[in-house]
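Remarks on the overall topology
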Amino acid sequence: MDFNCTKCGECCKRYFIQILPEDAEKISKFMGIPLEEFISDYTQLFLQFFIGDFKSTGLVIPSAFIPKKFIESINSIVLGTPKELMVLPTIAFKRNDKTCVFLNNLNNCKIYPVRPHQCRIFPFISMNKLESDFLDLYPFCKGLESSDLKKNKNLAEPHFKKTNEYFSKIKKKGFSSQWKTLPKKGLAVLETKILSEINRKEFSEITDLLK
Ligand code: SF4
Ligand code: SF4
């Protein structure tokens, strides 16, 4: 990757970093702790809702099956209740004082050698093909100004391929086929807006509907 990161740490402060089971395995080994301990101490449930017109075979649930507290929060953001919602369940790193739990005071990543793929390729984490799109999407990333956008613009493809495979497995075999151990609680969000806290029971009930 030909990219001049200035190590400002902005990207670690702005986003929820969602991980895949293989990331969890790698990071817990690197930290020298059991997977269960890593999941319970460093991660949270992360349920992302999207509103749209889903004719595809995505992870879609009729709104009637979504608990009332989430629907009420969604209604306070958008007008009216959508008929269906696309639901993407994952696990994300916890955050400390609005930054990723792994960012230290010097803006260094404590798990740098095993950081998730999306952290490795940031800011080229978009399927957009125009080089100018990256500058529009991530204006805070000063590294972009002096990097070769042309060389890096396709870096996101393998990431989205892996993520799609993960969601297909959930659709076929259920969330519990991918995650043997779960955090106790986490967040439900509408795209990027936080709706509410979600506990393991609510999360499991919703993800069970996706099979
Ligand atoms: S990728 Fe960009 S935003 Fe993130 S630390 Fe490097 S320069 Fe800062
Ligand atoms: S895992 Fe490391 S690189 Fe990724 S957001 Fe957290 S601190 Fe930043």
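Residues numbered from 1 in each chain as written. Chains lettered and ligands numbered in written order. Predicted model: local features only at pLDDT ≥ 70, side-chain atom pairs only at ≥ 80, totals over all residues. Heavy atoms only, no water.

1. Description of the overall build of the protein chain
- Along the protein chain, the regular secondary structure elements total nine helices and eight strands.
- By principal-axis analysis of the C-alpha atoms, the protein chain measures approximately 50 × 40 × 30 Å.
- By sequence separation, contacts in the protein chain at least 24 residues apart represent 72% of the contacts at least 6 residues apart.
- About 11,800 Å² of surface is accessible on the protein chain, with carbon and sulfur atoms providing 53% of the total. (Helix = DSSP H or I, 4+ residues; strand = E, 2+ residues; numbered from the N terminus. Contact = heavy atoms within 4.5 Å. Areas by Shrake-Rupley, 256 points an atom, 1.4 Å probe, with all protein chains shown as cover.)

2. As for the site of ligand 1
- All residues in the neighbourhood of ligand 1 are listed as Phe3, Cys5, Thr6, Lys7, Cys8, Gly9, Glu10, Cys11, Phe122, Phe140, Cys141 and Gly143.
- Class assignment of the residues belonging to the shell around ligand 1 gives a composition of seven nonpolar, three polar and two charged. (Near = heavy atom within 4 Å. Nonpolar A, V, L, I, M, F, W, Y, C, P; charged D, E, K, R; others polar.)

3. Quick look at the site of ligand 2
- Residues in close proximity to ligand 2 include Cys12, Ile17, Phe93, Cys100, Phe102, Leu103, Cys109, Ile111 and Cys119, which together make up its full environment.
- Classifying every residue of the shell around ligand 2 gives nine nonpolar, no polar and no charged.

4. A word on the confidence of the model for the protein chain
- Per-chain confidence: the protein chain averages 91 in pLDDT, with 98% of residues scoring 70 or above.
- For the protein chain, the element scoring lowest by mean pLDDT is helix H7 (residues 149–152), at 78; helix H3 (residues 35–42) scores highest, at 98. (pLDDT = per-residue confidence, 0-100.)

5. So, the packing of aromatic side chains
- For the structure on display, the rule yields 16 aromatic pairs.
- Geometrically, the ring pair formed by Phe93 and Phe102 is edge-to-face, given 4.9 Å between the ring centres and 80 degrees between the ring planes.
- When its relative accessible area of 3% is taken as the criterion, Phe102 is described as buried.
- Where Phe175 meets Trp179, the ring centres are 6.5 Å apart and the plane angle is 25 degrees; that geometry is what we call stacked.
- Residue classification places Phe175 among the buried residues on the basis of a relative accessible area of 4%.
- Here Trp179 falls in the buried class, since its relative accessible area comes to 5%.
- Clustering of aromatic rings is evident, with ring pairs tying together Tyr15, Phe122, Tyr138 and Phe140.
- Here the guanidinium or amino end of Arg14 rests over the ring plane of Phe140, the centre of that ring lying 3.8 Å away.
- If you follow Arg95 out to its NZ or CZ, it ends over the ring of Phe16, 5.1 Å from the centre. (Phe/Tyr/Trp six-rings, centres within 6.5 Å; stacked < 30°, edge-to-face > 60°. Buried < 20%, exposed > 50% of the residue type's maximum accessible area, 1.4 Å probe, protein only. Lys NZ or Arg CZ within 6 Å of the ring centre and 35° of its normal.)

6. Description of the pairing of strand S8 (residues 193–199)
- The pairing of strand S7 (residues 185–190) with S8 spans six bridges and is antiparallel. Across the sheet, the residue bridging to Ala188 is Ser196, located in S8.
- Once S7 ends, the chain turns through two residues before running back antiparallel as S8, passing Glu191 with a positive phi of about 55 degrees. (Pairing = 2+ DSSP bridges.)

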